[in-house]
Amino acid sequence: MATDIKPDVRSDVDVVVVGAGFAGLYMLHRLRGLGFSTVVLEGADGVGGTWYWNRYPGARCDIMSVDYSYSFDPELEREWQWSEKYATQPEILAYANHVADRYDLRKDIRFATRVERATWDAGARCWRVRTGTGDEITCRFYVMATGCLSLPKSIDIEGADRFGGDIYYTHHWPHEGVDFTAKRVAVIGSGSSGIQSIPIIARQAAQLTVFQRTPNFSRPALNGPAPQAKLDAFKADRDAYRQAARLSQIGVPAPVTMVGAMQVSEQERRAVYEAAWNSGDLLPTTFADMPTSAVSNETFCEFLREKIRSIVKDPATAEALCPTGYYYGTKRPCLDSGYFETFNLPQVRLVDLRRTPITTITETGIQTTAESMEFDAIVFATGFDAMTGAIVAVDINGRDGLPLKQKWAEGPKTYLGLMTVGFPNCFLITGPGSPSVLSNMMVSIEQHVDWVSEAIDYMRRAGLETIEPTATAEAGWVQHVNDCADITLFPQASSWYMGANVPGKPRVFLPYIGGVDRYRKTCDEVVAQGYLGFCFEGASGVACNDGVIRRLQPDVTIVLEVIESLGLPPVESMSPEAARTLFVALATQRPPGPAVGEIVDGALPGAAGELNYRLYRPATAGPHPVVVYYHGGGWVLGGYDSDDPLCRDLCVRSDSIILSVDYRHAPEARFPAAVDDALAALQWVSFHAKALGGRPGPVAVAGWSAGANLATVACRLARDAGGPPVAGQLLIAPVTDADLTRPSYHENGERYVLTSAIMQWFFDHYVDTAGRADPRVAPLRARDLSNLPPATIVTCEFDPLRDEGAAYAEALAAAGVDVKHIKARGHIHSSLTMVDLVISGAPYREQMGEALRRYASAGRAASLVRAASLV
Ligand code: NA7
């Protein structure tokens, strides 16, 4: 009988683990070490999971073996030597068997035992697990260690059951091997399994025909002995090596780069790509923006296509093998041993299913839209129902009998990829929403097993019986997983990461792409914050620690980390002059923003002298509507050119001329100098719109931060002065009040670049305390906000100015102004201006561009009406 957590509740064992692959083996070892009675249920006759089943010729790992091995026991590491850089399937399976023997694991594994159903018994607070043999086992905790790529995708080609020859599946290869000598063989599929097996099958078969639906990016594995440098680093300090892996992006120690592909010359770029090609490494370090920038990524794609063309002699075959229509890495890349060279062999032929799809499999072969071919054998290398398939293949029923399959009908929802709401005490090892398939699986498996073991141990010590995530925590995590994916190119590809390979499967990005390092940190933080996002139930009742662990946009987090690493002095401790110098220096480091048609610098008359401006003209045919733009910088910092990337971006998105104008800065010129200049500029540009090459009619105004403050103040002063008319106002994170006590100041006033202290510093330089209630400083305090131009107000969730922006939107709406309030979730005060750096800001800037286009067309319609009434 098991060690029960609570004396009055009995179960057969503490934990049932499903699967005796690398996850299940380590889970058993850890739980046993903690004194929990555990049984592992495994469908196969032996250990090894995916490496038990996938015995096709050429099957190997493509993460280097030294990395693709357990790290939990230094003794195990010392006694096991891998013979090659990338171990073969038999060697990996031998390793799994060695581990099972070494730790005497088999005695708690029931082989040839498939789990069919698992049901949560709320009354007994245990799981009832039913196996294919009809047995029922009860357990406190139920762990799915079923692997990410273990349930094969069902064959979705018509006529497959009709074929009279031999049929093989890479995922279920005969243990005795297959002899293809003198056979006419077809291989369907060109993922990792196809790419690894095709060169070997080609050497045996009389004829080999490869049916390729999507060409894959593959590079030579250059297998052989493990690289000496790697072995040396490992041997020198194995703890440091393993720790570096745990704190790396993908679970393998690797250099990190911050350099984008387009920031270097073509020659340097090629050198990096050549090094990647010659590295024999699945995930070599290339450029930082490879996952996010289409332009950068395409340069690597084309390099790889050139390599294919240089290897494959027949140009038509080479072209058909060249991947197109998706970006490098967004479908799982491959490593190969002579794959492309195989197509130079006379007995090998490629059928491009994009041109001539399979219509049916016949009794004797395969028919495409172009021809009928006869075969002795067909090999299906058609992949897996990845990440969720093996989990929902078990009929798992949670609280109130909710089937997991039903809960996940629209795509999996998990908290940290570890648990899912409604399924207490049910853990997933490397589940959807965790780095899993985007990482070295061994590192991710160990991290999850450790986390789960420690959680169960904690519960035992605290006398708790159930653990379950909260709905808020789960929704927040799902959002964060999507936020991370959405700033990359990955969701654009029809990949198994997206569930796109399985007909009818919801298109959801399944793994977590935020990185092994960040993910681990997140899981650790959850624990450190008292299991944030979890509810526990025990003898003393239910205790929930509700909350969301990651609320910032992922790229905003990175920006904050980079800024913190610079160790800059606080702005408020600096003189305005020093702060300006720093502001300018930082601006040189940012991406430039998109190209526009033309940029012209000029000067216009301000209220007390000339003001510089910079005009951004779209590349499209004009004349264009005109927008007067006021830069940010708290009335103290910045200049007409300091928001350059944002102005370029708005120019392109709105198809408008953006005229970014300077104004006098404090403390040299205090309030109301900036206001006077802002109004003067608006008047001058309105009058000279046509001369500037713009479209006649009312101009719009836009601004960020203090610039948005000036923009809206200028609108109101123009209204009071009887003109000029303004088509609309775009206010990005505006200053609308001088009240530093709103909740958003309390919540966000210290950590997100723009701090309460800096705002205080700005106000002190700009205006006397007595003047701060003036509506030209605090437009929210204006008595009459009616008849102002339509407004688009953008507020950022983690901005001290958020609440006053929202209050201004409400006040304008109450005064009858047409207002659109855009709330930028997960953003900080400055992140929307960081074009090409904070990619998650792009959808908001698109809405801004759209608002300016709308104002332009409304302004144009009004002008036409006026013109018509004059005729
Ligand atoms: P993959 O990578 O999913 O590859 C499956 C291949 O089979 C891929 O080229 C598919 O084309 C192709 N496929 C799937 N269904 C069809 C049909 N109906 N007709 C033609 N071709 C088809 O699976 P693997 O087993 O190779 O590798 C899985 C992972 O294991 C691998 O990524 C590593 O992580 C280890 P598609 O691309 O869908 O057009």
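Let us look at the structure shown here. Throughout, a residue's number is its position along its own chain's written sequence, starting from 1. Since the coordinates come from a predicted model, pLDDT governs what is reported: local features require at least 70, and pairs of side-chain atoms require 80 or more to be given and counted, while whole-chain, interface and lining totals use all residues. Hydrogen atoms and water are omitted, and side-chain values are computed over all heavy atoms in the structure.

**Describing the overall build of the protein**
Secondary structure elements follow DSSP: runs of H or I of four or more residues count as helices, runs of E of two or more count as strands, with numbering from the N terminus. Check the secondary structure of the protein and you find 25 helices and 29 strands. Here the C-alpha radius of gyration of the protein, 32 Å, is about what a compact globule of 871 residues would show, namely 29 Å. Viewed in the frame of its principal axes, the protein has a C-alpha envelope of about 90 × 75 × 55 Å. In the protein, which comprises 871 residues, the share counted as buried stands at 58%. Accessible surface computed for the protein: about 33800 Å², of which carbon and sulfur atoms make up 53%. Each radius of gyration is computed over the set of C-alpha atoms, and the globule rule expresses the reference value as 2.2 Å times the number of residues to the power 0.38. Accessible area is worked out with a 1.4 Å probe on protein chains only. A residue is then buried under 20% of its type maximum, exposed over 50%, and partly exposed in between. With residues, only the protein chains shown are counted as cover, and all accessible areas are computed by Shrake-Rupley using a 1.4 Å probe.

**So, the sheet that holds strand 28 (residues 791-798)**
Pairing between strands is defined by DSSP: at least two bridges between them are needed. If you trace the eight strands from one edge of the open sheet to the other, you get 22-23-25-24-26-27-28-29, paired in mixed fashion. In this open sheet, the two edge strands, each paired with only one partner strand, are strand 22 (598-606) and strand 29 (819-828). Mean inter-strand twist for the sheet, computed between neighbouring axes without regard to direction, equals 20°. Direction of pairing for strand 22 relative to strand 23 (residues 609-617): antiparallel, over a ladder of nine bridges. Looking across to strand 23, one finds that E598 is bridged to R617. In this description, contact between two residues means that some pair of their heavy atoms is separated by no more than 4.5 Å. Angles run from 0 to 180 degrees between N-to-C directions of axes, and those axes are lines fitted to C-alpha atoms, restricted for helices to the stretch in contact. Of the strands in this sheet, strand 27 (726-732), strand 28 and strand 29 touch helix 24 (residues 802-814), which is tilted by about 150° from strand 28.

**Looking at the site of the ligand**
K153, D156, S193, T214 and K331 are the nearest of the 20 residues found near the ligand. Counting of polar contacts relies on pairs of N or O atoms within 3.5 Å, with two restrictions inside protein: one atom must be capable of donating a hydrogen and the other of accepting it, and residues adjacent in sequence are counted only when both atoms are side-chain atoms. For the ligand, an oxygen atom lies 2.8 Å from a polar atom in the side chain of K331. Within the complex, 88% of the 770 Å² of free accessible area of the ligand lies under protein. Gly falls in the polar group here, along with every residue not listed as nonpolar (Ala, Val, Leu, Ile, Met, Phe, Trp, Tyr, Cys, Pro) or charged (Asp, Glu, Lys, Arg). Tallied by class, residues from the shell around the ligand come to seven nonpolar, eight polar and five charged. It suffices for a single heavy atom of a residue to lie within 4 Å of a molecule or strand for the residue to be listed as near it.

**Focus: the packing of helix 8 (residues 266-279) against helix 9 (residues 294-311)**
The geometry of helix 8 relative to helix 9 is characterised by a closest axis approach of 11 Å and an angle of 55° between their N-to-C directions. Relative to helix 9, the element helix 8 is oriented oblique. Of the two possible hands of crossing, helix 8 and helix 9 adopt the one that is right-handed. Mapping the contact onto sequence places R269, R270, Y273, E274, A276 and W277 in helix 8 and S296, T299, F300, F303, L304, E306, K307 and I311 in helix 9. Among the residues making up the contact of helix 8 with helix 9, the classes are represented as seven nonpolar, two polar and five charged. Between 65 and 115 degrees an angle is taken as roughly perpendicular, under 35 as roughly parallel, over 145 as roughly antiparallel, and anywhere else as oblique. Two helices cross in a left-handed way if the nearer one is turned anticlockwise from the farther one by less than a right angle. They cross in a right-handed way if the turn is clockwise.

**As for the pattern of salt bridges**
Basic side-chain nitrogens of Lys or Arg form a salt bridge, by our definition, when they fall within 4 Å of a carboxyl oxygen of Asp or Glu. This structure, assessed with the given rule, holds 62 salt bridges. Among the salt bridges present, the one from R742 reaches D737, with a minimum N-O distance of 3.1 Å. In this structure D737 comes out as buried when scored by relative accessible area, which is 4%. Residues participating in the shared-partner salt-bridge network are E298, E302, R305, R309 and E319.

**Looking at the side chain of T420**
With respect to the secondary-structure elements, T420 resides in the loop between helix 13 (404-407) and strand 18 (426-428). Engagement of the side chain of T420 in a polar contact is seen with the side chain of W408, the distance being 3.5 Å. When sequence neighbours within four positions are dropped, the list of residues in contact with T420 reads L404, K407, W408, K413, T414, P469 and E474.

**Focus: the state of the cysteines**
Only a pair of cysteine sulfur atoms within 2.5 Å counts as a disulfide in this structure description. For the structure on display, the rule yields one disulfide. Note on cysteine connectivity: C535 is disulfide-linked to C544, with sulfurs 1.8 Å apart. On the sign convention where negative is left-handed, the bridge of C535 and C544, at about 105° about the S-S bond, is right-handed. Judged by its relative accessible area of 17%, C535 is buried. With no disulfide of its own, C126 lies 7.1 Å from the sulfur of C139, the closest cysteine sulfur. Under the relative-accessibility criterion, C126 is labelled buried at 1%. With no disulfide of its own, C796 lies 16 Å from the sulfur of C647, the closest cysteine sulfur.

**Section: the pairing of strand 27**
Counting buried positions along strand 27 gives seven out of seven residues, so the element sits mostly inside the fold. Strand direction decides the pairing type here: strand 26 (residues 699-704) and strand 27, joined by five bridges, are parallel. Of the residues in strand 27, the one forming a bridge with W704 is I732. Handedness rule for crossovers: strands pointing away from the viewer, path from the first strand over the helix to the second running clockwise, crossover right-handed. This β-α-β element, strand 26 to helix 21 (residues 706-720) to strand 27, shows right-handed connectivity. Inspection of the sheet shows strand 27 paired to strand 28 by four bridges, in the parallel sense.

**Examining the nonpolar core**
Side-chain atoms within 4.5 Å are what join buried Ala, Val, Leu, Ile, Met, Phe, Trp, Tyr and Cys residues into a set we call a nonpolar core. Ranked by internal contacts, the top residues of the largest apolar core, which has 85 residues, are F22, W451 and F534. With near-sequence residues (within four places) excluded, F534 lies in contact with Y415, L416, M419, W451, I467, E468, P469, T470, V526, A543, C544 and N545. Membership of the second largest hydrophobic core comes to 66 residues, among which are A738, L788, L801 and Y808.

**Side note on unusual backbone geometry**
Note that the residue after A666, namely P667, is joined by a cis bond; omega there is 5°. With respect to the helices, strands and loops of the structure, P667 is situated in the loop between strand 25 (657-661) and helix 20 (673-688). Phi is positive for A182, which is not a glycine, with a value near 65°. One can find A182 in the loop between strand 7 (166-169) and strand 8 (184-188). Assessed through its relative accessible area of 60%, A182 is described here as exposed.

**Observations regarding the packing of aromatic side chains**
Aromatic rings from Phe, Tyr and Trp, taking only the six-membered ring of Trp, are treated as a pair when their centres fall within 6.5 Å; an angle between ring planes under 30 degrees marks them as stacked, one over 60 as edge-to-face, and anything in between as tilted. One pass over the full model with this rule turns up 51 aromatic pairs. Ring plane angle 75° and centroid distance 6.1 Å describe the contact between W51 and Y68, whose orientation is recorded as edge-to-face. In this pair, W51 sits in helix 2 (residues 50-53) while Y68 sits in the loop between helix 2 and helix 3 (74-79), placing the two residues 17 residues apart along the sequence. By relative accessible area, which is 10% here, W51 ends up buried. With a relative accessible area of 12%, Y68 lands in the buried category. Their ring planes at 20° and their centres at 5.7 Å tell us that Y169 and F380 sit as a pair that is stacked. Of this pair, Y169 sits in strand 7 while F380 sits in strand 16 (residues 377-380), and the two are 211 residues apart along the sequence. Its relative accessible area of 29% is what places Y169 among the partly exposed residues.

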